[in-house]
Each structure stands twice: as C-alpha cells, then as structure tokens.
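# Architecture at a glance
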Amino acid sequence: MSTAMNFGTKSFQPRPPDKGSFPLDHFGECKNFKEKFMKCLRDNNFENALCRNESKQYLECRMERQLMAPEPLEKLGFRDLMDGKSEAKDNF
Amino acid sequence: MIPVKDRIIKVTFNADVHASLQWNFRPQQTEIYVVPGETALAFYKAKNPTDKPVIGISTYNVVPFEAGQYFNKIQCFCFEEQRLNPQEEVDMPVFFYIDPEFAEDPRMVNVDLITLSYTFFEAKEGHKLPVPGYN
C-alpha cells in the first residue's frame, strides 16, 4: 500500500451511470424477476454468466413497465441470448 | 463487446449510510463473479423505517483505485435523489460491466477482486454532496 504522503495522486472520480438512474420500483412490479435472478445466483455460486437469462428478464420487466428506458437488448450485452439473429455480429 | 471469458473477477459489494440518514441499506448479494465485457446485474435494498418520507442520494466508490476506470455502470440508482415513503422498502439495481480493456492492462494482471461501495446521504436543500477524493 502506498503511504499517506501522496498529495497530487489522482483521486477517484465517480462517474454518473451511462443511462442514468433507474426509477424506483415502488410497487415491486418486477420483484418476482429479481427473486428469480437472486435464486439463480445462489444456486450457481454467484456466477453471473449462468444467470444472464434471468437478468435479461428482469430488465425486460422494467422496460415493459416504464421503469427503464427501452433499449435493444443486444446493446445491453445480451446479443448472444437473442434468437434468430442472422446478421453479422458487430462489436460495441 | 466480447467477453474475456478466461478472466474471472470477483466483485464484492459494500453499503453505507451517512450518519444522518436513517435508512437501512444493504447489498442483496455479497459477491458476484463476472468477466470483462459481460454485463452484470446486482441488487441493493433500502428501507425507510421512519414515519416520514426521506430523500436520499448516493455516491459510489470502486477499489482498487486503478480498476475504477474500467468499471462502467450502465444504469444504477446513484447521483439522483431517491425518495422512500415511511416504511417503504425497495430493490435498487446496478447494471454494470467491466471494460474488456481491463484484460489488456498490465497493471491489472493481479487484480481479481473489485469492491463496489455505495454510500447514501440524506438529500436536504442546500446540502452539498461530499464527493470522495481530494478536490
């Protein structure tokens, strides 16, 4: 660990999220999807890669209820989970 | 964005509230394992146990410091005021990814643990949100 005498060291710059803030789900409209996702994590040693369908479903729930700005799921990192896409895969 | 599947990173979660904020605030998972380039979802939970509405606002921190530049939040609950009514409890999601360039940075070679910390403050008029770090 560095010593405390490091004036002039860069400080951590918190950055706002790319797509802004999630509105609060005051009525728990997507709570079931959250519970499914959390159960998946607990059943899979908290390995995110094994629960991506569940996280996609949670975000879809939010989008359907105006709790998240609609966004193509391919742009949210779910391209590989989308069916029937035959066009060439772009990287983003 | 292509996941770097051979580079597993453990992300752990901290939750704090500033002394004047009476919310109960905690992460809903202690850890999650991700790889750079793979989007991930995690949850916090907040409850207002008082009998008055309370507005909070949060900031976050990432350690180790050098990994913070690769930590990208697509969407979360920070930097905007969040109002909880009396006795209300809500889930607070964070949707994020670690930039694939993390795996190319020689300084990150020994980094396999990243800790994300959120701190909630009470949002009051005229209250200046303390931003971590030196100004």
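Everything in this summary refers to the structure shown in the same document.

How each quantity is defined
- Residues numbered from 1 in each chain as written.
- Chains lettered and ligands numbered in written order.
- Predicted model: local features only at pLDDT ≥ 70, side-chain atom pairs only at ≥ 80, totals over all residues.
- Heavy atoms only, no water.
- Contact = heavy atoms within 4.5 Å.
- Buried area = accessible area lost by both parts, 1.4 Å probe.
- Salt bridge = Lys/Arg side-chain N within 4 Å of Asp/Glu carboxyl O.
- Helix = DSSP H or I, 4+ residues; strand = E, 2+ residues; numbered from the N terminus.
- Nonpolar A, V, L, I, M, F, W, Y, C, P; charged D, E, K, R; others polar.
- Axes fitted to C-alpha atoms, helices over the stretch in contact; angles between N-to-C directions.
- Parallel < 35°, antiparallel > 145°, perpendicular 65-115°, else oblique.
- Left-handed = near helix turned anticlockwise from the far one by under 90°.
- Disulfide = S-S within 2.5 Å.
- Buried < 20%, exposed > 50% of the residue type's maximum accessible area, 1.4 Å probe, protein only.
- Pairing = 2+ DSSP bridges.

Listed by partner, the interface residues are 37 residues for chain A and 45 residues for chain B. Buried surface at the junction of chain A and chain B, both sides included, amounts to about 3700 Å², of which 58% is carbon and sulfur. On the surface where chain A and chain B come into contact, there are one salt bridge. Listed by contribution, the elements that provide at least two residues to the side of chain A that touches chain B are helix H1 (31-43) and helix H2 (52-64) of chain A. Grouping the amino acids of the side of chain A that touches chain B by side-chain chemistry returns 17 nonpolar, ten polar and ten charged.

Before going further, it helps to examine the packing of H1 of chain A against H2 of chain A. Residue and element names in this part refer to chain A. Look at H1 against H2: their axes get within 9 Å of each other, and the N-to-C directions meet at 165°. Overall, the two elements H1 and H2 adopt an arrangement that is roughly antiparallel. As H1 packs across H2, the resulting crossing turns out to be left-handed. Where H1 approaches H2, its residues Phe33, Lys34, Lys36, Phe37 and Cys40 are matched on the opposing element by Glu54, Ser55, Gln57, Tyr58 and Cys61. Of the residues in the contact of H1 with H2, the class split is five nonpolar, two polar and three charged.

Residues and elements named next belong to chain A. According to the stated counting rule, one finds two disulfides over all chains in the structure shown. Covalently, Cys30 is tied to Cys61 through a disulfide, its sulfur atoms 2.0 Å apart. Disulfide Cys30 to Cys61: torsion about the S-S bond roughly -90°, handedness left-handed. Separated by 31 residues along the polypeptide, Cys30 in the segment before H1 and Cys61 in helix H2 bring together distant segments of the chain. Across a sulfur-sulfur distance of 2.1 Å, Cys40 and Cys51 are joined as a disulfide pair. A torsion of -95° about the S-S bond marks the disulfide between Cys40 and Cys51 as left-handed. Of this pair, Cys40 sits in helix H1 while Cys51 sits in the loop between H1 and H2, and the two are eleven residues apart along the sequence. By the burial criterion, Cys40 is buried, and Cys51 matches it. Here the cysteine-cysteine linkages of chain A are recorded as 1-4, 2-3, numbering only bonded cysteines and doing so in sequence order.

For the rest of this paragraph, the subject is the sheet that holds strand S8 (residues 89-98) of chain B. What the four strands build is an open sheet, ordered S2-S4-S8-S6 (chain B); its pairing is antiparallel. A strand with exactly one partner marks an edge of an open sheet, and here the two such strands are strand S2 (24-27) and strand S6 (71-75) of chain B. Neighbour-to-neighbour, the strand axes of this sheet turn through a mean angle of 30°, independent of strand direction. As judged from the four bridges shared by S6 of chain B and S8 of chain B, these two strands associate in the antiparallel manner. Across the sheet, the residue bridging to Asn72 of chain B is Tyr97 of chain B, located in S8 of chain B. Most of the contacts of H1 of chain A go to strand S4 (residues 40-47) of chain B, to which it runs at about 120°, and overall it touches S4 and S8 of chain B.

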